[in-house]
Amino acid sequence: MYFPNEVEKVLFTEEQITARVKELGAELTKEYSGKNPLFLCVLRGASVFFADLIRNVECPLEIDFIKASSYVGTNSSGDVTVGGEMPDISGRDVVLVEDIVDTARTLSKLKTLLLDIKPRSLRVAALLDKPSRRAVEGFKADYTGYEIDDLFVVGYGLDCDAKFRNLPYIGVLKS
């Protein structure tokens with residue numbers, strides 16, 4: 001298994017992630033059965049989680065993508081940039097899929113923009129949640145894979161300056 005020098009330890013193994021994503025898929029299947037939801041992936045970090053998650057949701061669904069970011073290196077810039085065209089979600093049940101809820105600035109801005117388009121419902125599914133870093137008070141994902149401490153993590157789509165997304169596990173970056 002590829003284990004770069006910059007990674008201190010494995011936080012969640014590939015097997016643990018696979019099992020948890022299946023559980024989340026089952027929860028979402030139960031919630032959205034018969035509703036044809038739109039799963040909206042926040043690019044780029046959530047792409048690996050998104051692909052695995054939608055394959056574990058056993059009901060009709062549609063997908064779309066949106067690009068948003070606030071990180072430079074290992075720090076949040078505080079400025080959220082949203083790129084591309086906003087999808088037409090009016091009247092739809094939408095599941096916004098993100099890799100990690102950290103400060104929640106990105107997701108809070110996205111939710112505000114998306115709610116302006118008047119979806120029927122809007123829920124957030126995140127693989128990881130880091131509540132100790134929350135800058136947007138009270139923000140919480142509706143579906144969460146794991147809650148973690150204040151660690152900088154990489155792998156399974158998560159990166160540091162566009163590196164380490166291809167790791168099949170989630171590892172802690174050396175500080």
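This text follows the structure it describes.
Parameters at a glance
- Residues numbered from 1 in each chain as written.
- Predicted model: local features only at pLDDT ≥ 70, side-chain atom pairs only at ≥ 80, totals over all residues.
- Heavy atoms only, no water.
- Helix = DSSP H or I, 4+ residues; strand = E, 2+ residues; numbered from the N terminus.
- Buried < 20%, exposed > 50% of the residue type's maximum accessible area, 1.4 Å probe, protein only.
- Contact = heavy atoms within 4.5 Å.
- Arc of directions from axis to C-beta.
- Polar contact = N/O pair within 3.5 Å; in protein donor to acceptor, adjacent residues only side chain to side chain.
- Salt bridge = Lys/Arg side-chain N within 4 Å of Asp/Glu carboxyl O.
- Pairing = 2+ DSSP bridges.

**Points about the side chain of serine 121**
- You can see serine 121 is positioned in strand β6 (residues 121-129).
- The exposure class assigned to serine 121 is buried, which follows from its relative accessible area of 13%.
- Those residues within four positions of serine 121 in sequence are excluded, and the remaining contacts are Tyr32, Arg92, Asp93 and Val94.

**Brief notes about helix α2 (residues 47-55)**
- Those residues of α2 that sit buried are Phe49, Phe50, Leu53 and Ile54. All buried residues of α2 lie within an arc of 120° about the axis, which places them on one face of the element.

**What to know about helix α3 (residues 105-115)**
- Those residues of α3 not exposed but buried are Thr106, Leu107, Leu110 and Leu114. All buried residues of α3 lie within an arc of 90° about the axis, which places them on one face of the element.

**Remarks on the side chain of aspartate 93**
- Inspection of the secondary structure assignment puts aspartate 93 in strand β5 (residues 93-101).
- Among the polar contacts listed, one links the side chain of aspartate 93 to the side chain of arginine 120, at a separation of 2.9 Å.
- Side-chain polar atoms of aspartate 93 contact the side chain of serine 121, separated by 2.6 Å.

**Re the pattern of salt bridges**
- As enumerated under the stated definition, the model contains ten salt bridges in all.
- For glutamate 23, the salt bridge goes to arginine 20, with nearest N and O atoms at 2.9 Å. Of this pair, glutamate 23 and arginine 20 both sit in helix α1 (residues 14-32), three residues apart, roughly one helical turn.
- When its relative accessible area of 44% is taken as the criterion, glutamate 23 is described as partly exposed.
- Residue arginine 20 is classed as buried on the basis of its relative accessible area of 16%.
- Because the salt bridges share partners, they merge into one network encompassing Asp102, Lys130, Arg133 and Asp150.

**Overview of unusual backbone geometry**
- Omega for the bond connecting leucine 43 with arginine 44 falls within 30 degrees of zero, at 5°, which places this linkage in the cis form.
- The residue arginine 44 is located in the loop between β2 (38-43) and α2 in this model.
- Phi at asparagine 36 takes a positive value of approximately 50°, unusual for a residue other than glycine.
- By the element assignment, asparagine 36 lies in the loop between α1 and β2.
- Positive phi is not limited to glycine here, since lysine 118 has a value of about 65°.
- Among the secondary structure elements, lysine 118 is positioned in the loop between α3 and β6.
- With a relative accessible area of 60%, lysine 118 lands in the exposed category.

**Quick look at the sheet that holds strand β9 (residues 170-173)**
- Strand order in the open sheet formed by three strands is β1-β9-β8, and the pairing between neighbours is antiparallel. Strand pairing shows two members of the sheet lacking a second neighbour, β1 (7-12) and β8 (153-154), which therefore form its edges.

**A few points about the pairing of β5**
- In terms of burial, β5 is largely enclosed, as nine of its nine residues are buried.
- Pairing analysis gives four bridges linking β2 to β5, with the strands arranged parallel. Bridge pairing links phenylalanine 39 to valine 95 in β5.
- Where β5 meets β6, eight bridges bridge the pair, whose relative direction is parallel. When the sheet's bridge partners are listed, valine 97 is paired in β6 with alanine 125.

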